[in-house]
Amino acid sequence: MYEVVTSQPPDLIAALRETLPGISEILADLEAETTAEARVGHLHHIASLWYAQGGVAEVLAEVGITLASRLQMSQGMVVSELLLAFGAAQEEQRTRAWEARLLARASELDGLHRIISAANSTLDLDTSLQTVVETVAQVVGVQACSVYLYDKHRDELVLRAVRGLNYAAIGQVVTKLGTGVTGWAAQLGHPVSVRDVWQETRFNVEPQLGEEPFRSILAVPIVLFSAERFQFSADKLQGVISIQTVGPRDFSQEEISFVEVAAGELAFFIANAQLYQQTDERLHQKLRELTTLQQVSKSIAEQIGLRDVLNLITEKAVDLAHADRAAIFQIGEDGHLQLVASHGGEGDGVRDFIIQTVRDSRPLAVMNAYQDARFPDLAQVATRENFHSLFCMPLRARERTIGGICLYKHEPHLFDYEQVRLLSTFADEAAIAIENARLYDESQRALAIKSALLQEMHHRVRNNLQTISALLAMQLRRVEPQSQGAKALRESAARIQSIAAIHNLLSREDVGVTTVNAVARQVVESAQATLVMSESPVKFAITGDAVRVGSRDATVLALVINELISNALTHGMAAEGGRIEIAALLNGGMVTVNVRDDGPTHPPPPVSHSSGLGLQIIETLVNEDLGGSFQLFREESEEWMCACVSFPQRMIREDE
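Within each chain, residues carry numbers counting from 1 in the order of the written sequence. It should be noted that, the model being predicted, local features are given only for residues of pLDDT at least 70 and side-chain atom pairs only at 80 or more, the latter also being counted only at that level, while totals for whole chains, interfaces and linings use all residues. Note that water and hydrogens are dropped before the side-chain values are worked out from all heavy atoms of the structure.

Peer 1: Please explain the overall build of the protein chain as it appears in this structure.
Peer 2: A count of helical and extended segments in the protein chain gives 16 helices and 18 strands. Categorising residues by exposure relies on relative accessible area from a 1.4 Å probe, with only protein chains included: less than 20% of the type maximum marks a residue as buried, more than 50% marks it as exposed, and the intermediate range marks it as partly exposed. Out of the 656 residues belonging to the protein chain, those deemed buried represent 44%. We call two residues in contact whenever any of their non-hydrogen atoms come within 4.5 Å of each other. Across the protein chain, contacts joining residues at least 24 apart in sequence account for 62% of those joining residues at least 6 apart. Summed over its atoms, the accessible surface of the protein chain is roughly 34200 Å², and 52% of this surface lies on carbon and sulfur atoms. In this text, helices come from DSSP runs of H or I with a minimum length of four residues, and strands from runs of E with a minimum of two, each type numbered from the N-terminal end. Surface accessibility follows the Shrake-Rupley procedure with a 1.4 Å probe radius. Residue values consider only the protein chains on display as shielding.

This is the structure we're talking about:
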């Protein structure tokens, strides 16, 4: 303010009055005071005003010497008090500056805390980015803040969060690296500060953002530094954070450092969020793969048609492997590949190129069909079928190769590990489906052969039994009709005819399977021909459920029913005939056959001898062969005789 030119300025006090507003009153009060304490207070006030106006201590000392002479006070005391007050004012100013800086640092720390809290509290990237721009704008004291994220695949910056700018521009504004101040900072890898963008040729106004009112900008790259810190490369770039003000502004080093720290924290969060997103996508991909494989396995287990299963496999292979087309080839009986399923396109032009690799059971990868020196003619097929890349995986079943599955891409593509692994899994499923279909066809052919052989066997057994029955009939004509020998021959012939009838039945139906009703009808027809006399007519009725039985149980059951009918005809209906009812029932896995007759309601037969062989045969067959029980009782309500046979129903395959 003043410089010391001489030790005694001509009129320093007058100059002081002119320079410092209000000093005249203080000097007047100083001269009017008589007490030393009051005068010291006024001296302190003068020194404070002197420091506030930017005065230097040397000139203040000269002022003190002049005041001491005028006030008749000790020069040492006046000068010392002025300098002490000057130093106190200076120290107070420094303290206030430090307090302001501490408050700024505290605000920055609070801002960083909020940024870190936002990063740790959620994996929602957009929510956290919005918190960052709000916090940075508030801490630095700017009117606008924005965050761009770097898209590595398209090599461009995409706006993701704003404060003070057009919110609708999020996701719409895209900046190339090196373009504008934001792209410039991303390309350089360090902060770029522009005091006045109107003077900066690199600055480009983005109309969608509405940034025309803003003059200054600070763009700081969001960089994920590793151990090699400060060695910037594009693969570490995560984005750019920018702040803007309405008027021109020189951003301080502290402000730049704060935004850099915020960008560093943001870089880690962005990286973690991206890793989480990638992990989440991979988990969803694995879930889709497992669901698809379960669906394919279920289709194979349910014996859905082979073509439907293979079409499903090709469809899911295209979807999960992100391919454009998939095809499955099968080696035919002539050794050539045949296209059996395809999705996403048609054509089998590659079969001549993959046949050798399929026979050798090794995968084949073609990144560019137009430039592969191994297959000069493949380019023509690729042009015709519209593909660039090809990957083929052999189908193997029971240690032999049965075909191949191929993936196609429209553009040059290197199939990665995940795609190859997935294709290998689909190859296994396709191989299982093809092999199961082959085994199923073989089993069907074997079953048809077996059925034909069994029917032929039943036919021949029936013929032999009928021959035996004819011989017995011839012998029967040579004996007295009413004799015991004739009776025995008739019963034996009836038994043989029953067995023959069952074999005749089995030769016409499913292999080894018939029903109780069908067995009963065959036995009744045989009994009517051999056991029923014309003078004693008998009516038969067959009712009940269509209970399925195997060939073994059917044969035994035929003998049992024949013996029960023979017994009823002999002991209850020999005099005038009657009625016989046969009913079958299935309950709880037990087969029950009731043979009822109204013999007790008719006159008794002539006196005849009975050996009891029929009942003995019945009990032996039911208990030992059928594993069941036999009961013979008289019904009190209707006075009918009832023979009840019960045995467990066997699994049909046990009787085949």
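Peer 1: Could you clarify how one ought to interpret the sheet that holds strand S9 (residues 364–366) in this entry?
Peer 2: Strand pairing within a sheet occurs via backbone hydrogen bonds; the two strands may be parallel or antiparallel. Only when DSSP finds a minimum of two bridges between them are two strands counted as paired. In space, the 5 strands of this open sheet follow the order S8-S7-S11-S10-S9, with antiparallel pairing throughout. In the strand order of this sheet, the two ends are held by strand S8 (337–343) and S9, each with one partner. Between one strand and the next, the sheet's axes are offset by a mean angle of 20°, whatever the strand orientation. Note: strand S7 (residues 325–331) against strand S11 (residues 400–409), 6 bridges, orientation antiparallel. Each residue of the ladder has a partner; that of Ile328, found in S11, is Ile405. In this analysis, axes come from line fits to C-alpha atoms, helices being fitted only over the stretch in contact, and the angle between any two N-to-C directions falls in the range 0 to 180 degrees. Contacting S7, S8 and S11, helix H9 (residues 306–320) runs over the sheet at an angle of about 60° to S8.

Peer 1: Is there a simple way to think about the pattern of salt bridges in this case?
Peer 2: When the charged atoms of two side chains with opposite charge come close together, those side chains can pair. Whenever a carboxyl oxygen of Asp or Glu lies within 4 Å of a side-chain nitrogen of Lys or Arg, that contact is scored as a salt bridge. In total, this model carries 19 salt bridges according to the counting rule given. One salt bridge in this structure joins Arg163 and Glu134, with 3.9 Å as the shortest N-O distance. With Arg163 in strand S2 (residues 156–163) and Glu134 in helix H6 (residues 125–140), this pair connects stretches of sequence that are 29 residues apart. What makes Glu134 partly exposed here is its relative accessible area of 34%. In this structure, Asp250 and Arg195 form a salt bridge, with 3.2 Å as the shortest nitrogen-oxygen distance. Within this pair, whereas Asp250 is found in the loop between strand S6 (237–245) and helix H8 (253–301), its partner Arg195 is found in the loop between strand S4 (192–194) and strand S5 (216–223), the two being separated by 55 residues in sequence. Since its relative accessible area comes to 57%, Asp250 is described here as exposed. Judged by its relative accessible area of 44%, Arg195 falls in the partly exposed class.

Peer 1: Looking at this structure, how should I read the nonpolar core?
Peer 2: The tendency in soluble globular proteins is for nonpolar side chains to be buried as a group. Within the largest apolar cluster, 36 residues are counted, with the highest numbers of intra-cluster contacts made by Ile565, Ile580 and Ile582. Mapped by element, the contributors of at least two residues to this core are helix H14 (516–530), strand S13 (538–544), helix H15 (551–571), strand S15 (578–587), strand S16 (590–597), helix H16 (613–625) and strand S18 (641–648). Here this core gets 11 residues from one element, more than from any other, and that element is H15. Apart from the residues within four sequence positions on either side, Ile565 is in contact with Val523, Val524, Ala527, Phe540, Ile580 and Ile582. In this description, a nonpolar core means a group of buried Ala, Val, Leu, Ile, Met, Phe, Trp, Tyr and Cys residues linked to one another through side-chain atoms lying within 4.5 Å. With 29 residues, the next largest nonpolar core counts Val132, Val140, Ala161 and Leu266 among its residues.

Peer 1: Please clarify how the packing of helix H3 (residues 36–52) against helix H4 (residues 57–71) should be interpreted in this entry.
Peer 2: It is at 12 Å that the axes of H3 and H4 come closest, and there the two elements cross at 150°. The orientation of H3 with respect to H4, classified from their angle, is roughly antiparallel. Remark: the crossing between H3 and H4 carries right-handed chirality. On H4, the residues that touch Arg39, Leu43, Ile46, Ala47 and Trp50 of H3 are Val59, Leu60, Leu67 and Leu71. For this classification, the nonpolar set comprises Ala, Val, Leu, Ile, Met, Phe, Trp, Tyr, Cys and Pro, the charged set comprises Asp, Glu, Lys and Arg, and every other residue, Gly included, is treated as polar. Grouping the amino acids of the contact of H3 with H4 by side-chain chemistry returns 8 nonpolar, no polar and 1 charged. We call two directions roughly parallel when the angle between them is under 35 degrees, roughly antiparallel when it is over 145, roughly perpendicular when it lies between 65 and 115, and oblique otherwise. The handedness criterion is simple: a crossing whose near helix is rotated anticlockwise from the far helix by less than a right angle is left-handed, and one whose near helix is rotated clockwise is right-handed.

Peer 1: What am I meant to see in the packing of aromatic side chains here?
Peer 2: Ring pairs shown here join Phe, Tyr and Trp side chains whose ring centres sit within 6.5 Å, with only the six-membered ring taken for Trp; geometry is labelled stacked below 30 degrees between planes, edge-to-face above 60, and tilted in between. Enumeration over the complete set of coordinates arrives at 3 aromatic pairs. Each ring, one from Phe353 and one from Phe375, has its centre 5.9 Å from the other, and the planes form 85°; the classification is edge-to-face. One end of the pair, Phe353, is in helix H10 (residues 351–359); the other, Phe375, is in the loop between S9 and helix H11 (378–385), and 22 residues separate them in sequence. Ring centres of Phe391 and Phe415 lie 5.7 Å apart, and the angle between their planes is 55°; on these two criteria the pair is classed as tilted. Note that Phe391 is positioned in strand S10 (residues 389–397) and Phe415 in the loop between S11 and helix H12 (417–476), a separation of 24 residues in sequence. Here Phe391 and Phe415 have matching classes, each one buried.

Peer 1: Explain the sheet that holds strand S3 (residues 174–176) here, please?
Peer 2: The strand order S3-S2-S1-S6-S5-S4 describes an open sheet built from 6 strands, whose pairing is antiparallel. Lying at the two open borders of the sheet, with one neighbouring strand each, are S3 and S4. Each strand of the sheet is rotated relative to its neighbour by a mean of 25°, with strand direction disregarded. Where S5 lies against S6, 8 bridges are found, and the strand directions are antiparallel. Paired with Ser216 across the strands is Thr245, a residue of S6.

Peer 1: What should I look at first to understand helix H2 (residues 23–32) in this one?
Peer 2: Regarding H2, the residues found buried are Ile23, Ile26, Leu27 and Leu30. Along the long axis of H2, the arc covered by the buried residues comes to 100°, so they all point the same way. Facing away from the buried side of H2 by more than 90 degrees, the exposed set consists of Glu25 and Ala32. In this description, the arc belongs to the directions extending from the helix axis to the C-beta atoms.

Peer 1: Would you take a moment to explain the pairing of S6 for this structure?
Peer 2: A regular strand places its side chains on the two faces of the sheet in alternate fashion. Within S6, 9 of the 9 residues are buried, which leaves the element mostly enclosed by the surrounding structure. Looking at chain direction, strand S1 (residues 144–151) and S6 are connected through 6 bridges and run antiparallel. Note on S6: the bridge partner recorded for Val147 is Ile241.

Peer 1: What should I look at first to understand H6 in this one?
Peer 2: Residues three or four positions apart in an α-helix share a direction because the helix packs 3.6 residues into each turn. In a helix, the anticipated span is given by 1.5 Å times the number of residues less one. When the terminal C-alpha atoms of H6 are compared, their 22 Å separation across 16 residues agrees well with the 22 Å that a helix rising 1.5 Å per residue should span. The complete set of buried residues in H6 reads Leu125, Ser128, Leu129, Val132, Val133, Thr135, Val136, Ala137, Val139 and Val140. Positive backbone phi, approximately 80°, marks Gly141, located one or two places after H6.

Peer 1: Can you help me understand the side chain of Asp372 in this one?
Peer 2: Within the fold, Asp372 resides in the loop between S9 and H11. Residues adjacent in sequence count toward polar contacts only when both atoms are side-chain atoms; beyond that, a polar contact is any pair of N or O atoms within 3.5 Å, and within protein one must be able to donate a hydrogen and the other to accept it. There is a polar contact of 2.7 Å between the side chain of Asp372 and the side chain of Arg374. Contact partners of Asp372, with chain neighbours within four places excluded, come to Ala365 and Val366.

Such coordinate-based values are descriptive only and should not be taken to indicate function.
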